[in-house]
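Below, each chain spelled out in residue letters.
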Amino acid sequence: MADALHTLSAAELGRRLAAGTLTSRALCEALIVRYQAVNEKVGAFTHLDHVDVLAQADASDARRKAGQGRGPLEGIPVAIKDNIAVKGQPLTCSSKMLAPLVSPYDSHVAERLRAAGAILYGRLNMDEFAMGSSTENSAVRKTFNPWDLARIPGGSSGGSAAALAAGLVPLSLGSDTGGSIRQPASHCGVVGLKPSYGLISRFGLVAFASSLDQIGPMARSIEDCELLLNALASADARDMTCFGPSDRTLTPAGEAKQLRIGIPKGFLGKGVAPEVAAAVNAAVEFYRAQGCAISEVELPSADLAVPTYYVVATAEASSNLGRYDGVRYGHRSASAGTPVEMMTASRSEGFGPEVKRRILLGTFVLSAGYADAYYVRALRARAKIRAEYLAALAGVDVLLTPTVPTPAFKVGEKASDPLQLYLEDIFTIPANLAGLPAISVPCGKSGHLPVGFHLVGAPLSEAKLLAAGRLFEAAHGFAHQQAAL
Amino acid sequence: MAEGFDIDHLAKLARLSLTAEEKALYASQLNQILGHFQALADADLPATIDDARVVDESALRSDEPGPVLGAEAVTRIAPASRDGQISVPRVVDDES
């Protein structure tokens with residue numbers, strides 16, 4: 001094989017598999033060699049079972065040989081963030097709390113991938129319980145940005161983004177509660193899509209903040225991202241908020257050159273690094289030159305998004321993480337006395353510092369005497385932010401901003417300042433608060449570090465986001481980029 | 001708005017045991033974060049929270065038995081089990 005298989009897109013790999021010039025076993029063997037050469041440096045994976053991977057690959061090759069191939073993902077490896085259940089594989093959320101757990105069941109997305117013939121390929125590192133923006137909060141290991149190993153890959157889906165940028169796997173799954181797919185995608189120069197709330201089932205996703213959490217696809221190109229999205233999106237009665245796609249969600253959106261693009265007023269101002277602003281402005285000018293209608297839009301409550309998010313998300317997290325009591329699964333303290341002492345000791349030993357901080361914060365904003373001042377006001381602010389976004393999106397097709405204000409920072413640089421880390425998500429949080437689809441598309445570099453722009457659309461308008469991304473990607477050289485390692 | 005939280009009370013509510021150093025650190029950081037939330041107190045906000053929902057309705061399943069994990073699968077992932085049941089510290093006192 002002339003081309004190194006780890007450099008190829010999922011779509012190209014699928015074509016070769018379909019043509020019979022490649023087997024899934026040969027592909028997986030090549031990726032395992034790549035894993036052995038690179039993963040120790042990057043730290044994207046926390047677990048990879050070579051024997052299981054090759055068994056899945058052989059089964060895929062046998063299906064194809066028997067004329068029972070299951071579609072474009074047949075035989076293609078998809079790596080999975082360690083908060084999404086795959087039967088028989090570890091499910092730890094990169095936390096000591098769940099360290100020994102092996103999932104006894106498949107998530108809905110794992111079922112969908114198996115039904116599509118994909119190889120469920122290993123577990124990806126993350127901030128503990130998806131709480132963080134740098135993957136430094138993993139209790140397992142650090143993950144480093146493949147473009148600069150002294151820097152963070154973003155988070156919380158840092159392993160998912162770094163694995164793509166390092167050529168460790170062609171496709172990955174992340175989860176996104178406030179930007180956890182899009183922010184690491186931007187920092188690692190890959191595509192990451194947070195779908196509309198309700199498009200993809202969360203059955204089998206370990207809950208962080210249930211009114212915000214979504215599973216989404218990550219890839220090195222728009223085409224690959226779309227391939228994975230199409231496999232995942234479907235209604236599922238086991239997630240009571242999941243309705244799946246509408247008729248228009250996944251179908252081509254028509255002429256991307258006729259899209260109306262809104263630029264939120266003031267979003268390219270304070271706090272945005274000049275190189276990031278320049279790359280995003282160049283993208284805006286590209287779309288203008290293509291014939292897209294560019295207009296400025298007002299989102300006057302945008303400054304409320306970060307405090308609103310951190311009240312709502314921590315409130316929900318403090319409730320969701322109440323289930324970790326050392327009784328049914330996960331860590332149980334050896335110093336157990338009474339049941340309450342056992343629960344308290346198990347939680348104190350099992351959770352890391354950021355998780356404890358957020359549980360305390362969420363407990364406070366829900367506590368008697370403070371819930372009205374914090375939680376209820378945050379819900380009212382959320383309603384206002386959502387209304388402003390929906391009003392803006394009534395006049396334009398997509399909103400374009402940077403994904404992250406600055407390029408990837410150095411490991412440890414913000415570790416002692418949680419508030420500064422929370423501000424990493426300033427552009428991505430509103431889409432979660434409003435339940436809107438959003439995508440990060442690579443659009444340039446700041447020095448050697450990738451920069452992405454961010455598109456937000458109306459509910460179930462994923463096809464428009466992908467069409468806009470495809471138009472940009474086709475004219476620029478950022479698809480399929482991988483760091484030299 | 002950010003005044004008055006009691007880190008010991010919060011830790012008790014959250015079932016967390018904190019060292020003195022942790023209490024001092026979290027109290028300081030939570031005060032800083034809650035200061036940032038002041039924007040919420042100052043904002044002119046709608047009276048209702050109805051529009052905060054991101055889906056208009058939720059679909060309830062029919063109330064019928066469905067597939068569940070069996071006792072063997074459940075006890076296999078439990079920290080301690082005996083005779084097909086999860087073991088926990090004694091929750092009631094001896095008869096007195």
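Residues numbered from 1 in each chain as written. Chains lettered and ligands numbered in written order. Predicted model: local features only at pLDDT ≥ 70, side-chain atom pairs only at ≥ 80, totals over all residues.

Student: Would you mind going over the overall build of chain A with me for this structure?
Tutor: A count of helices and strands for chain A gives 15 helices and eleven strands. Relative to the globule expectation of 23 Å for 485 residues, the C-alpha radius of gyration of chain A, 21 Å, shows essentially globular dimensions. Overall size of chain A, expressed as C-alpha extent along the three principal axes, is 65 × 55 × 45 Å. Residues classed as buried in chain A amount to 63% of the 485 residues present. Considering only intrachain contacts with a sequence separation of at least 6, the fraction spanning at least 24 residues in chain A is 75%. (Helix = DSSP H or I, 4+ residues; strand = E, 2+ residues; numbered from the N terminus. Rg over C-alpha atoms; globule rule 2.2 N^0.38 Å. Buried ≥ 20, exposed ≤ 12 C-beta atoms within 10 Å, placed from the backbone. Contact = placed C-beta atoms within 7 Å.)

Student: Is there a simple way to explain the overall build of chain B in this structure?
Tutor: Across its full length, chain B holds four helices and two strands. Along chain B, helices (α) and strands (β) appear in the sequence α-α-α-α-β-β when read from the amino end. Across the 96 residues that make up chain B, the buried fraction comes to 14%.

Student: Explanation requested: the pairing of strand S7 (residues 260–264) of chain A in the structure shown.
Tutor: The two faces of the sheet receive side chains in turn, since in a regular strand these alternate between them. Residue and element names in this part refer to chain A. Pairing analysis gives five bridges linking S7 to strand S8 (residues 293–297), with the strands arranged parallel. When the bridges of S8 are listed, Ile 261 appears paired with Ile 294. Crossover connection from S7 via helix H8 (residues 274–290) to parallel S8: handedness right-handed. In terms of strand pairing, S7 meets strand S9 (residues 398–402) through two bridges, oriented parallel. Pairing of Ile 261 across the sheet is with Val 398, part of S9. (Pairing = 2+ DSSP bridges. Right-handed = clockwise from strand over helix to strand, strands pointing away.)

Student: Sorry, what's going on with the sheet that holds strand S10 (residues 438–446) of chain A here?
Tutor: All names here are of chain A. One open sheet holds the eleven strands; their spatial order is S1-S3-S2-S4-S6-S5-S10-S11-S9-S7-S8, and the pairing between them is mixed. At either margin of the open sheet sits one strand with a lone partner, and together these are strand S1 (45–47) and S8. Geometrically, the sheet is characterised by an average inter-axis angle of 35° between neighbouring strands, direction not taken into account. Its contacts with the sheet put H8 on S7, S8, S9, S10 and strand S11 (449–457), and the angle it makes with S10 is roughly 115°. (Axes fitted to C-alpha atoms, helices over the stretch in contact; angles between N-to-C directions.)

Student: Where do I start with the interface of chain B and chain A in this structure?
Tutor: How big an interface is tends to be stated in terms of the accessible area lost upon association of its parts. Each partner contributes residues to the interface: chain B has 42 residues there, and chain A has 56 residues. At the level of secondary structure, the elements contributing two or more residues to the side of chain B that touches chain A comprise helix H1 (7–13), helix H2 (20–36), helix H3 (38–42) and helix H4 (71–77) of chain B. Tallied by class, residues from the side of chain B that touches chain A come to 33 nonpolar, six polar and three charged. (Nonpolar A, V, L, I, M, F, W, Y, C, P; charged D, E, K, R; others polar.)

Student: Which parts of the structure should I look at to understand helix H1 (residues 10–19) of chain A?
Tutor: Residue pairs three or four apart in sequence face the same way in an α-helix, which turns once every 3.6 residues. All names here are of chain A. Three or more residues of H1 are buried, namely Ala 10, Leu 13, Gly 14 and Leu 17. For H1, the angular spread of the buried residues around the axis is 100°, confining them to a single face. Its buried side turned inward, H1 meets helix H2 (24–42), helix H3 (50–65), strand S4 (171–176), strand S6 (214–219) and helix H7 (222–232). Of the residues trailing H1, Gly 20 is marked for its positive phi of about 80°. (Arc of directions from axis to C-beta.)

Student: In this structure, what is going on with the environment of Gly 179 of chain A? I would like to understand it.
Tutor: Residues and elements named next belong to chain A. In this structure, Gly 179 sits in the loop between S4 and helix H6 (182–188). With 27 residues separating them in the primary sequence, Gly 179 and Val 206 have C-alpha atoms 17 Å apart. Non-local contacts of Gly 179, meaning those with residues more than four positions away in its chain, are made with Asp 425, Thr 428 and Ile 429.

Student: Help me out: how do you make sense of the packing of H2 of chain A against H3 of chain A in this one?
Tutor: In a pair of packed helices, the angle between the axes and the distance between the axes together describe the arrangement. Residue and element names in this part refer to chain A. Relative orientation of the contacting elements H2 and H3 amounts to 155°, with a least axis distance of 8 Å. Taken as axis vectors, H2 and H3 run roughly antiparallel relative to one another. As for how H2 packs across H3, the hand of that crossing is right-handed. Of the residues in H3, those in contact with Ser 24, Arg 25, Cys 28 and Ile 32 of H2 are His 50, Val 53, Leu 54, Ala 57, Asp 58, Ser 60 and Asp 61. When grouped by side-chain class, the residues that make up the contact of H2 with H3 number five nonpolar, three polar and three charged. (Parallel < 35°, antiparallel > 145°, perpendicular 65-115°, else oblique. Left-handed = near helix turned anticlockwise from the far one by under 90°.)

Student: When you look at helix H4 (residues 108–115) of chain A in this model, what are you seeing that I'm missing?
Tutor: All names here are of chain A. Among the residues of H4, His 108, Val 109, Ala 110, Arg 112 and Leu 113 are the ones counted as buried. Buried residues along H4 sit in contact with strand S2 (77–81), strand S3 (119–124), S4, S6 and H7. Immediately downstream of H4, the backbone of Gly 117 shows phi near 85°, a positive value.

Student: Would you mind showing me how to read the environment of Tyr 309 of chain A here?
Tutor: All names here are of chain A. For Tyr 309, the position within the fold is in helix H9 (residues 305–320). C-alpha of Tyr 309 to C-alpha of Tyr 422: the two residues are 113 residues apart in sequence and 9.7 Å apart in space. When near neighbours in sequence (up to four residues on either side) are disregarded, Tyr 309 contacts Gly 178, Ile 429 and Leu 433.

Student: Quick question: what am I supposed to make of the pairing of S6 of chain A here?
Tutor: All names here are of chain A. Of all six residues in S6, six are buried; the element is thus mostly enclosed. Across the two faces of S6 the burial is the same, with Gln 214, Gly 216 and Met 218 and Ile 215, Pro 217 and Ala 219 all buried. Note: strand S5 (residues 191–194) against S6, two bridges, orientation antiparallel. In the sheet register, Val 191 faces S6, and the bridge partner there is Ala 219.

Student: So what exactly am I meant to see when it comes to unusual backbone geometry here?
Tutor: For residues besides glycine, phi is generally negative; the peptide bonds are generally trans as well. Residue and element names in this part refer to chain A. Looking along the chain, the bond that leaves Gly 155 and enters Ser 156 is cis, with omega of 10°. Inspection of the secondary structure puts Ser 156 in the loop between S3 and helix H5 (158–165). Phi is positive for Ser 94, which is not a glycine, with a value near 50°. Topologically, Ser 94 is positioned in the loop between S2 and H4. Although it is not a glycine, Phe 129 sits at a positive phi angle of roughly 55°. Looking at where Phe 129 falls in the secondary structure, it is placed in the loop between S3 and H5.

Student: Please explain the confidence of the model for chain B as it appears in this structure.
Tutor: The predicted coordinates ought not to be read in detail in places where the model reports low pLDDT. Residues and elements named next belong to chain B. With 88% of its residues at a pLDDT of at least 70, chain B reaches an overall mean of 86. The least confident element of chain B, judged by mean pLDDT, is H3 at 92; the most confident is H1 at 96. Prediction confidence for the complex, expressed as pTM and ipTM, is 0.96 and 0.92 respectively. (pLDDT = per-residue confidence, 0-100.)

Student: In this structure, what is going on with the environment of Arg 16 of chain A? I would like to understand it.
Tutor: Residues and elements named next belong to chain A. Along the chain, the position of Arg 16 falls in helix H1. Look at Arg 16 and you get partly exposed, because 18 C-beta atoms sit within 10 Å. Remark: the alpha-carbon pair of Arg 16 and Leu 250, spanning 234 residues in sequence, is separated by 25 Å. With residues up to four places along the chain from it excluded, the contact list for Arg 16 reads Thr 21 and Leu 22.

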